[in-house]
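Close look at the chain arrangement
In case you want the letters, here they are:
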Amino acid sequence: MDKLNFERELKQKGYNFVCGVDEVGRGPLAGPVVCAAVIMPLENIVEGVDDSKKLIAKRREKLDVFIRENAIAYAICRIEPQVIDEINILEATKLCMKNAVESLSISPDFVLTDGNMTLDITIPQKSVIGGDAACYSIGAASIIAKVYRDKLMGEYAVQYPAYGFEKHKGYGTAAHIKAIKECGLCPIHRRSFTKKWS
């Protein structure tokens, strides 16, 4: 499978700055949802770009550096747990993706999003199911979003050591749920996700 098919087809139609967008952190009980938007050149391809979940941490971190160095433009945005609780995770994810696109230093002329998200933007867009594995630009976005969020959750682990955020990144593992039951919630927990344990 050629992961550049989407970008090349759009380039042939006259779209020069194609942006890939992806999110990380829709499912966790704690921490923000993070989205990245990336415009990658179609030459000097970064080899090994794939769905970030398929890559080991060290490989992701190396690719993160290469992607940032080679990108025409990239932006990373986050929506905090308090906002997720107010507007729900789907709306928070859409807002986060929109903010990432609008934060790019170069305005894209086409946007490719992972999944089935339709963003509130005036730029032409297309959603791609499984886009982080099937589309180069979306895969690149998934990697830098995940590396950013994983590092952030490691910082929160130092701030709130009782919960083990460095291990599970806020997801609902047995150890995390046990910690919530024993210690209660901390400021980065999503109240709407943790009602049955808090």
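What you see is a predicted model, and the numbers here were worked out from it, not measured in a lab.

**Topic: the layout of surface pockets**
Approximately 190 Å³ is the volume attributed to the largest pocket. If you go around the largest pocket, you meet 14 residues; those closest to its centre are Glu23, Val24, Gly25, Lys53 and Tyr171. Among the elements that take part in the lining of the largest pocket, strand S1 (residues 18–24) stands out by supplying three residues, more than any other. A breakdown of the residues in the lining of the largest pocket according to their chemical character gives two nonpolar, four polar and eight charged.

**Section: the packing of helix H2 (residues 57–70) against helix H6 (residues 136–159)**
Each pair of packed helices can be summarised by the angle the axes make with each other and by the distance between the axes. Relative orientation of the contacting elements H2 and H6 amounts to 120 degrees, with a least axis distance of 9 Å. By the angle class used here, H2 and H6 are oblique. Classified by chirality, the crossing of H6 by H2 is left-handed. Touching Arg60, Glu61, Leu63, Asp64, Ile67 and Arg68 of H2 are Ala140, Ile143, Ile144, Lys146, Val147 and Asp150, all from H6. For the contact of H2 with H6, a count of residues per class yields six nonpolar, no polar and six charged.

**Focus on unusual backbone geometry**
Even without being glycine, Asn88 reaches a positive phi, approximately 85 degrees. Its place among the elements puts Asn88 in the loop between helix H3 (81–87) and helix H4 (89–102). Taking the relative accessible area as the measure of exposure, Asn88 reaches 40% and is therefore partly exposed. For Lys169, which is not glycine, the phi dihedral falls at a positive 60 degrees. Along the chain, Lys169 falls in the loop between helix H7 (165–168) and helix H8 (174–183).

**Let's talk about the sheet that holds strand S5 (residues 125–128)**
With mixed pairing, five strands are arranged side by side in an open sheet as S3-S2-S1-S4-S5. Two strands lie at the open edges of the sheet, namely strand S3 (73–79) and S5, each paired on one side alone. Recorded for the sheet is a direction-independent mean angle of 20 degrees between the axes of neighbouring strands. The strands touched by helix H1 (residues 5–12) within the sheet are S1, strand S4 (110–114) and S5, with S4 carrying the most contacts at an inclination of about 160 degrees. Across the face of the sheet, H4 comes into contact with S1, strand S2 (33–39), S3 and S4 while running at roughly 35 degrees to S2.

Rules used in this analysis
- Along every chain, residues carry numbers that run from 1 in the direction the sequence is written.
- Only residues with pLDDT of at least 70 are given local features in this predicted model, and only at 80 or more are side-chain atom pairs given and counted; all residues enter the totals for whole chains, interfaces and linings.
- Heavy atoms from the whole structure form the basis of all side-chain values; hydrogens and water molecules are not counted.
- Throughout, the protein atoms alone are placed on a 1 Å grid, and a set of points is a cavity if a 1.4 Å probe fits but cannot get out or a pocket if it is open with protein on both sides within 12 Å along at least five of seven lines; lining residues have an atom within 4 Å of a point.
- Grid points are joined across faces, edges and corners, and a volume is the space filled by probe spheres set on the points.
- Helix and strand definitions follow DSSP, with helices as H or I runs of at least four residues and strands as E runs of at least two, each counted in order from the N terminus.
- In the scheme used here, Gly and all other residues not listed as nonpolar or charged are polar, with Ala, Val, Leu, Ile, Met, Phe, Trp, Tyr, Cys and Pro taken as nonpolar and Asp, Glu, Lys and Arg as charged.
- Angles run from 0 to 180 degrees between N-to-C directions of axes, and those axes are lines fitted to C-alpha atoms, restricted for helices to the stretch in contact.
- Reported orientations rely on four angle classes, namely roughly parallel under 35 degrees, roughly antiparallel over 145, roughly perpendicular from 65 to 115, and oblique for the rest.
- Left-handed is the label given to a crossing in which the near helix is rotated counterclockwise from the far helix by less than a right angle, and right-handed is the label when the rotation is clockwise.
- Whether two residues are in contact is decided by their heavy atoms, any of which lying within 4.5 Å being enough.
- The buried label applies to any residue whose accessible area, calculated with a 1.4 Å probe on protein chains only, is under 20% of its type's maximum; exposed applies above 50%, and partly exposed to all values in between.
- Only strands joined by at least two bridges in the DSSP assignment are considered to pair.

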